[in-house]
Amino acid sequence: MCGLCGFTGEIIDRDQRSNEVIKTMTDKITHRGPDSSGFFVNEDIAMGFRRLSIIDLEAGDQPIYNEDKTLVLTFNGEIYNYRELREELLAKGHVFATHADSEVLIHGFEEWQEGLLDRLRGMFGFAIWNTVDKTLFVARDFFGIKPMHYAMVGDHFVYGSEIKSILEFPGFEKKFNYDTLNNYLSFQYAVPPQTFFEGVYCLMPGHYLWYKDGKITTTRYWEAVFQPDPSMTEKQAVDKIAAVFENSVNTHKISDVEVGCFLSSGVDSSYVSTYFADQKTFTVGFDFGEKYNEISWAKRLSEKIGVDHHYKIITSEEFWGNIKKVQYHMDQPLADPSCIALYFVSKLASEHVKVVLSGEGADELFGGYTIYNEPRVFKSYRKLPQSVRTWLRKTVQKSKKSFRGQSFITRGEYPTNESFIGNAKMFSMEDKRRLLKEPKYATRPQTITRPYYERVKHLDDVTRMQYLDINLWMVGDILLKADRMSMANSLELRVPFLDKEVFKVAATIPTHLRVNKENTKYAMRKAALRRMPIETAEKEKLGFPVPTRVWLRDKQYYTIVKEAFTSDIAKKFFHTEELVGYLDDHFHGLRDYSRRIWTLFIFLVWYEIYFEDGKHMEGDVPDFKGR
């Protein structure tokens with residue numbers, strides 16, 4: 001795993017030159033590749049690279065060139081079928097200088113151009129410069145496992161694995177993107193391709209980009225298309241999943257260094273871990289009871305499957321003391337508190353291995369989230385007239401106290417394509433208008449989700465929800481935190497569920513074998529059951545849960561958040577009395593507003609770091625200095 005960045009054109013002035021600028025940009029992402037660095041600089045382009053050595057440890061440094069050095073590559077990721085592609089390219093006459101998977105890309109691009117992408121199996125973000133026609137090709141993997149960002153700064157095209165590299169480019173004017181704040185308040189993450197920095201974009205998954213003659217052209221080359229096969233039996237589904245997943249895990253374990261595995265108590269990572277006998281697994285938890293601590297579950301499974309289990313209890317002080325550091329590494333605010341737990345489990349794993357496998361993607365591909373039950377649960381309720389459902393929702397929302405059935409009435413008001421925007425749905429339009437100092441920026445999140453629903457309007461509601469999550473939630477939350485938190489600890493994280501071959505099978509599983517009355521991820525759990533105890537295969541998903549709702553009813557942490565909510569930074573964006581109202585109601589036990597509070601708090605922490613020169617050092621006292 002590595003990091004890359006670069007820019008087109010040349011910088012020559014009294015203070016800085018291209019080679020100095022690209023080194024500064026590359027130094028910003030040293031954590032992505034502490035083993036070595038590499039550069040290609042001429043009057044047309046500057047390309048920087050940081051390497052974390054995984055395959056061909058001695059000869060895999062970058063940039064990498066083709067035979068006549070007319071093509072130059074920097075690459076972040078892993079190509080799991082590189083050996084087969086290498087043999088094919090050798091047969092076509094290509095000459096290789098290394099055994100690294102990265103060299104397959106440069107020769108493959110020379111042979112097939114954009115067609116190379118259809119042949120790849122892996123995760124990647126890479127850039128190829130053509131020294132002859134002076135064009136730049138940039139590509140991102142199918143699901144968006146590896147990141148890629150870009151911007152135009154004057155006449156320069158600037159790109160990087162992380163936004164913090166782009167921010168270092170001279171002449172880049174850092175401006176806050178208010179539209180992204182509006183979306184963040186709905187989704188809890190920056191909805192791609194927008195970012196919180198005006199003019200900086202995320203290259204979407206399954207897309208490539210050409211930069212030619214000063215123009216940017218992006219093209220989608222792959223899409224997660226579901227084609228459920230209603231004739232498939234349960235046994236056929238389970239057999240197919242078991243076979244393709246075993247192949248994927250074994251493929252993802254290819255490495256010249258030791259590979260470990262994250263392990264929570266849920267079925268996803270547990271299923272992966274069953275292929276790690278005599279190897280290492282890693283778990284973290286909190287000292288707040290079993291609800292927030294999966295270590296005992298993970299230990300019991302580790303004993304049964306014979307793995308070397310490592311774990312850590314995260315203290316409250318450690319968690320709060322690292323919030324700023326985590327948000328610095330995230331580049332953009334992410335209101336998913338599990339990203340901090342993921343930081344700690346990555347740190348733990350990095351003390352033992354360089355590569356880990358994890359269970360991301362199983363829920364999106366195989367229908368694992370509990371919310372995917374809603375189309376079935378609300379089927380009868382949604383037959384009531386819309387006006388009646390709206391009246392019921394408005395009535396229950398007037399209540400200051402929570403009661404059983406309140407959430408059902410609120411969530412059941414609208415059809416799936418209007419009610420479901422993803423696994424997180426933070427603030428409504430009415431909420432945002434009350435909160436924002438500039439309510440003109442408040443828009444309905446359905447303006448973003450509607451085009452995705454339209455593309456799969458012929459499919460059932462559960463499949464449409466999965467499609468939406470694959471394109472938005474998984475990219476903006478799940479994979480963002482997986483990449484940033486592992487890379488913050490110089491650890492390569494691989495996700496065998498997010499494999500093209502696995503998706504080919506997942507796409508055909510009929511809906512009733514994904515989600516039914518018995519369980520979510522139904523067929524996948526049956527496949528996992530062949531390798532693990534039933535109590536693990538059937539266990540409800542937790543995934544490194546974090547006790548934010550408990551902390552926010554503790555005076556110490558209530559005070560930290562209240563200081564942020566009444567700060568000058570908060571006053572720039574919000575009516576602070578609304579923020580404090582959420583906090584006080586939660587503190588006094590009137591409502592559980594923990595997720596809303598965390599969404600607002602994390603944004604303010606992030607803004608202080610990136611726009612107010614806030615500190616982000618490890619062990620920083622978790623106060624708020626935005627006054």
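Residues numbered from 1 in each chain as written. Predicted model: local features only at pLDDT ≥ 70, side-chain atom pairs only at ≥ 80, totals over all residues. Heavy atoms only, no water.

Participant: What is the right way to look at the overall build of the protein in this model?
Facilitator: Counting secondary structure elements, the protein contains 29 helices and 17 strands. In summary, the protein has a C-alpha radius of gyration of 24 Å against a globular reference of 25 Å for 627 residues, a match within 12%. Expressed as lengths along the three principal axes of its C-alpha atoms, the size of the protein is roughly 70 × 65 × 45 Å. For the protein, the residues scored as buried account for 63% of the 627 residues in total. By sequence separation, contacts in the protein at least 24 residues apart represent 72% of the contacts at least 6 residues apart. For the protein, the accessible surface area stands at approximately 23,900 Å², while carbon and sulfur atoms represent 49% of it. Across the protein, 84 positive and 87 negative side-chain charges occur, with their mean positions spaced 8 Å apart. (Helix = DSSP H or I, 4+ residues; strand = E, 2+ residues; numbered from the N terminus. Rg over C-alpha atoms; globule rule 2.2 N^0.38 Å. Buried < 20%, exposed > 50% of the residue type's maximum accessible area, 1.4 Å probe, protein only. Contact = heavy atoms within 4.5 Å. Areas by Shrake-Rupley, 256 points an atom, 1.4 Å probe, with all protein chains shown as cover. Lys, Arg positive; Asp, Glu negative; His and termini not counted. Charge placed at Lys NZ, Arg CZ, Asp CG, Glu CD.)

Participant: Just checking my understanding: could you explain the sheet that holds strand E12 (residues 215-220) for this structure?
Facilitator: The pairing of strands in a sheet comes from backbone hydrogen bonds and takes either a parallel or an antiparallel form. What the six strands build is an open sheet, ordered E4-E5-E6-E7-E11-E12; its pairing is antiparallel. A single partner strand is all that each edge strand has here, and the edge strands are strand E4 (64-65) and E12. Helix-sheet contacts for helix H3 (residues 101-112) involve E4, strand E5 (71-79), strand E6 (122-130), strand E7 (135-140) and strand E11 (207-212), and the interaxial angle to E5 is about 130°. (Pairing = 2+ DSSP bridges. Axes fitted to C-alpha atoms, helices over the stretch in contact; angles between N-to-C directions.)

Participant: Help me out: how do you make sense of the packing of aromatic side chains in this one?
Facilitator: Centre distance and the angle of the planes are the two values used to describe a pair of aromatic rings. What the rule picks out here adds up to 74 aromatic pairs. On the numbers, 5.7 Å between centres and 70° between planes, the contact of Phe197 with Trp606 is edge-to-face. You can see Phe197 sitting in the loop between helix H6 (178-187) and strand E10 (200-202) and its partner Trp606 sitting in helix H29 (residues 594-611), a full 409 residues away along the chain. On the accessibility criterion, Trp606 (0% relative accessible area) is buried. Ring geometry for Phe603 against Trp606: centres 6.2 Å apart, planes inclined by 35°, an arrangement best described as tilted. Note that Phe603 and Trp606 are positioned in helix H29 at a spacing of three residues, about one turn of the helix. A single burial state applies to Phe603 and to Trp606, both of which are buried. (Phe/Tyr/Trp six-rings, centres within 6.5 Å; stacked < 30°, edge-to-face > 60°.)

Participant: Even after reading the chapter, I still don't get the confidence of the model for the protein, so can you show me in this structure?
Facilitator: Low-confidence regions, as indicated by low pLDDT, have predicted coordinates that should not be scrutinised in detail. Here the protein shows a mean pLDDT of 92. Residues at 70 or above account for 94%. Low pLDDT (under 50) marks residues 615-624, which in the prediction has 25 contacts with non-local residues, meaning those over four places away or in another chain. (pLDDT = per-residue confidence, 0-100.)

Participant: Explanation requested: the side chain of Thr180 in the structure shown.
Facilitator: Mapped onto the fold, Thr180 is located in helix H6. Looking at Thr180, the relative accessible area reads 1%, which means it is buried. Side-chain polar atoms of Thr180 contact the backbone oxygen of Thr195, separated by 2.7 Å. When neighbours within four sequence positions are excluded, Thr180 is seen to be in contact with Ala190, Gln194, Thr195 and Phe196. (Polar contact = N/O pair within 3.5 Å; in protein donor to acceptor, adjacent residues only side chain to side chain.)

Participant: Just to check I follow, could you spell out the side chain of Glu360 for this structure?
Facilitator: Mapped onto the elements, Glu360 comes out in the loop between strand E16 (355-357) and helix H13 (362-366). Buried charge without a salt bridge: Glu360, with Lys481 as the nearest opposite-charge side chain at an N-O distance of 6.5 Å. A polar contact is formed between the side chain of Glu360 and the side chain of Ser358, at a distance of 2.7 Å. If we skip the residues at most four places from it in the chain, Glu360 touches Ile478, Leu479, Ala482, Leu493, Val495, Phe497 and Leu498. (Salt bridge = Lys/Arg side-chain N within 4 Å of Asp/Glu carboxyl O.)

Participant: What exactly am I supposed to notice about helix H20 (residues 461-471) here?
Facilitator: Helical geometry note: an α-helix holds 3.6 residues per turn, so side chains three or four residues apart project in the same direction. Across the eleven residues of H20, ten count as buried, placing the element largely inside the fold. Regarding H20, the residues found buried are Val462, Thr463, Arg464, Met465, Gln466, Tyr467, Leu468, Asp469, Ile470 and Asn471.

Participant: When you look at a negative patch on the surface in this model, what are you seeing that I'm missing?
Facilitator: A cluster of like negative charges, contributed by Glu67, Asp68, Glu110 and Glu111, occupies part of the molecular surface. Considering the arrangement of structural elements, one finds Glu67 in the loop between E4 and E5. (Patch = residues over 30% accessible without salt bridge, like charges linked within 9 Å, V, L, I, M, F, W, Y side chains within 5 Å.)

Participant: What is the right way to look at the nonpolar core in this model?
Facilitator: The tendency in soluble globular proteins is for nonpolar side chains to be buried side by side. Judged by nonpolar contacts, the single largest core of 190 residues is most densely connected at Phe126, Trp320, Phe574, Phe601 and Phe603. Counting residues per element, this core draws most heavily on H29, at 13 residues. (Core = buried A, V, L, I, M, F, W, Y, C linked by side-chain atoms within 4.5 Å.)

Participant: I would appreciate a short explanation of helix H7 (residues 234-252) in the present structure.
Facilitator: Between its first and last C-alpha, H7 extends 27 Å over 19 residues, near the 27 Å set by a 1.5 Å rise per residue. Three or more residues of H7 are buried, namely Ala237, Val238, Ile241, Ala242, Val244, Phe245, Ser248, Val249, Thr251 and His252. Next to the buried residues of H7 lie helix H8 (267-273), E16, H13, strand E17 (492-494), helix H22 (500-506) and helix H23 (522-529). (Expected span 1.5 Å × (residues − 1).)

Participant: What is the right way to look at the packing of helix H12 (residues 338-350) against helix H21 (residues 473-488) in this model?
Facilitator: Helix-helix packing is described using two parameters, namely the angle between the two axes and the distance between the axes. Packing of H12 against H21 brings their axes to within 8 Å, and their N-to-C directions diverge by 35°. For the pair H12 and H21, the crossing hand works out as right-handed. On the side of H12, the interface is formed by Ser338, Cys339, Leu342, Tyr343 and Ser346, while H21 contributes Lys481, Ala482, Met485, Ser486 and Ala488. The class makeup of the residues in the contact of H12 with H21 is six nonpolar, three polar and one charged. (Left-handed = near helix turned anticlockwise from the far one by under 90°. Nonpolar A, V, L, I, M, F, W, Y, C, P; charged D, E, K, R; others polar.)

Participant: What is the right way to look at the sheet that holds E16 in this model?
Facilitator: Here we have five strands laid out as an open sheet, ordered E15-E14-E13-E16-E17, and parallel in their pairing. Each end of this open sheet is capped by a strand with a single partner; those strands are strand E15 (308-314) and E17. The mean angle between the axes of side-by-side strands here comes to 30°, regardless of whether they run parallel or antiparallel. Pairing analysis gives seven bridges linking strand E14 (residues 280-286) to E15, with the strands arranged parallel.

Participant: Sorry if this is basic, but what is going on with the pairing of strand E13 (residues 259-262) here?
Facilitator: Each regular strand carries side chains that alternate between the two faces of the sheet. Side chains Val259 and Cys261 of E13 all project onto a buried face; the interleaved residues Gly260 and Phe262 project onto the opposite face, where all are buried too. Sheet topology places E13 next to E16; three bridges connect them, and they run parallel. Bridge pairing links Gly260 to Val356 in E16. Across two bridges, E13 lies against E14 in parallel orientation. By the bridge assignment for E14, Cys261 is matched with Thr281.

Participant: Would you take a moment to explain the state of the cysteines for this structure?
Facilitator: Every disulfide links exactly two cysteines, by a covalent bond between their sulfur atoms. Counting across every chain of the model gives zero disulfides. Summary of cysteine pairing: Cys5 is not part of a disulfide, and the nearest cysteine sulfur, belonging to Cys2, is at 12 Å. (Disulfide = S-S within 2.5 Å.)

Participant: What's the story with the pattern of salt bridges in this structure? I'm lost.
Facilitator: A side chain of one charge can pair with a side chain of the opposite charge if their charged atoms are brought near each other. With the rule as written, the count across this model stands at 37 salt bridges. The partner of Arg434 in a salt bridge is Asp431, with the nearest N and O atoms 2.6 Å apart. Highlighted residues: Arg434 and Asp431, both in helix H18 (residues 429-435), separated by three residues, approximately one helical turn. For Arg434, a relative accessible area of 40% gives the class partly exposed. Salt bridges sharing common partners tie together Arg32, Lys146, Glu162, Lys164, Asp331, Asp483 and Arg484.

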